[in-house]
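# Inside the fold
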Amino acid sequence: MNTHPILVAGAGIGALTFALAASRLGIETILIERRTKIEEIGAGIQLSPNASRILIQLGLGPALSRLSAEPERLHVRDGLTGTTLSSMPLGNAMREAYGAPYLTLHRADLQTILLDAIRGAANVRLAFGRRVTQFENTSSHLIVSTETSSGIETYHGSALVGADGLWSIIATCIGDQKKPRFSNNTAWRGTISRADWPTALPASETGLWLGPDAHIVHYPIRGGALMNIVAITADKTGEEGWNRPGDPAVLQKCFEAWSPSVRNALSSVPEWQIWSLYDTPPRPHWSKGNVTLLGDAAHPILPFLAQGAALAIEDAAILVREIIRSPHDLGRAFSAYETVRKPRAARVQAAAHQNASTFHATWPLSAARNFIMRRTDLMKRYAWLYGWHP
Ligand SMILES: Cc1cc2nc3c(=O)[nH]c(=O)nc-3n(C[C@H](O)[C@H](O)[C@H](O)COP(=O)(O)OP(=O)(O)OC[C@H]3O[C@@H](n4cnc5c(N)ncnc54)[C@H](O)[C@@H]3O)c2cc1C
């Protein structure tokens, strides 16, 4: 193994999982993150068995059970009428079918669980408040330049993993100049205490409501003490950024024709954060020599299948496996990783795009969608997705 650590741009869910998995096998990493601390307001995350199994194998099972919830079912409804279109058992049914749970939790809790595990590992260094700007290869290793509040800092490594998200600077540096495009969708995100959740809607399930130009997802988090709710609406203009406050009156207007029970849920949320959703076509190359991409940096995915973080976690497991297989040739390890991961990521991206076009269908396509949805066994349909093993 090269004597320099592996440098990682970013400390999101993908990077943290990679560093933890690497440290368990004695691989040294430095995570370079532009944020000074990790905080996530008003945002939950669903972790399907393909991802939860990896985190459990990394020893995070007890912490996950403490902080997550395990909904009983996914309940899909027509947003206008409130009638049931489909239902998929989660809870024990997922554990029995896939050997791992379907969990829902607050993002801040997931990041804290990962960070706590990493802080106990000797061979991971966290460098916060440093924005990666570029890298250069010397004959023996790689040098990454960062901007900090006190000037420029450089880091020396054997290789670089770009886990720096959708707007990845590393993807640009290795040759993909395409900028993400606004997807004409905006995500509204909020949380509400379980006590304030409208009693008409079961708090123990993941609810998915489909309607014209919008959909809504809600599920319990923090062991069921909080409910997370996300509304995705069609929009003409986007704005880069996270945690812009959203005006509840604008949201209510978007859903004024929807079923009263889901409108009640929306109106009970005290604060909304909005986020414009951007997308990029699949990247042609993820790796160049001793540099590779992971997570959203490699394959951004619209949140119509709840799989972006899951894919990043899967990437992390496979990348570490390939590094262990070719420890003296990281270029070879990265290219093997890309070969294994590309078809999987492309299939998940395509499935999310398909949902994006059907979830928001207007009449008469919505009638066809509902007809098909009523006859679809979701457990069978997504066996390829949730049953994935590293
Ligand atoms: C509304 C919504 C709901 C979602 N729900 C789910 C869900 O239920 N389940 C699921 O699996 N996925 C979900 N996703 C997708 C998921 O959030 C992302 O796919 C996931 O966070 C990607 O993780 P990542 O580590 O690749 O990137 P990110 O989480 O984007 O992390 C990238 C990190 O890199 C840092 N960074 C960026 N540039 C630099 C730089 N130049 N230098 C240093 N650091 C840098 C950033 O600050 C950030 O910390 C959802 C997404 C949205 C928008």
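Below is a summary of the structure that appears in this document.

The rules we used
- Residues numbered from 1 in each chain as written.
- Predicted model: local features only at pLDDT ≥ 70, side-chain atom pairs only at ≥ 80, totals over all residues.
- Heavy atoms only, no water.
- Salt bridge = Lys/Arg side-chain N within 4 Å of Asp/Glu carboxyl O.
- Buried < 20%, exposed > 50% of the residue type's maximum accessible area, 1.4 Å probe, protein only.
- Pairing = 2+ DSSP bridges.
- Helix = DSSP H or I, 4+ residues; strand = E, 2+ residues; numbered from the N terminus.
- Axes fitted to C-alpha atoms, helices over the stretch in contact; angles between N-to-C directions.
- Contact = heavy atoms within 4.5 Å.

## Structural notes on the pattern of salt bridges
Counted by the stated rule, this structure contains 18 salt bridges. Close ionic contact of Arg321 with Glu322 constitutes a salt bridge, the shortest N to O distance being 2.9 Å. With relative accessibility at 5%, the residue Glu322 sits in the buried group. The network of salt bridges with shared partners includes Glu72, Arg73, Arg77 and Glu205.

## As for the sheet that holds strand 8 (residues 131–137)
As summarised here, the arrangement of the 3 strands in space is 8-9-10, forming an open sheet in which the pairing is antiparallel. Edge strands, defined here as strands with exactly one partner in the open sheet, are strand 8 and strand 10 (151–157). Adjacent strand axes in the sheet meet at a mean angle of 25 degrees, parallel and antiparallel pairs treated alike. Of the pairings in the sheet, the one linking strand 9 (residues 142–148) to strand 10 comprises 7 bridges and is antiparallel in character. Looking at the pairing, Thr146 lines up with Glu153 of strand 10.

## Re the pairing of strand 17 (residues 272–279)
The buried count for strand 17 comes to 7 of 8 residues, which makes it a mostly enclosed element. Examined bridge by bridge, strand 16 (residues 244–246) and strand 17 share 3 bridges and lie antiparallel to one another. Paired with Arg244 across the two strands is Ile274, which belongs to strand 17.

## What to know about the sheet that holds strand 13 (residues 206–211)
Spatial ordering of the open sheet is given by 5-4-13-14-15-12-17-16, a layout of 8 strands whose pairing is mixed. Either end of the sheet is taken by a strand with one partner, and the two such strands are strand 5 (84–89) and strand 16. For this sheet the average axis-to-axis angle between neighbouring strands, irrespective of direction, equals 25 degrees. Sheet topology places strand 4 (residues 73–78) next to strand 5; 5 bridges connect them, and they run antiparallel. Note on strand 5: the bridge partner recorded for Val76 is Ser86. Here helix 9 (residues 330–359) sits on the sheet in contact with strand 13, strand 14 (214–221) and strand 17, set at roughly 60 degrees to strand 13.

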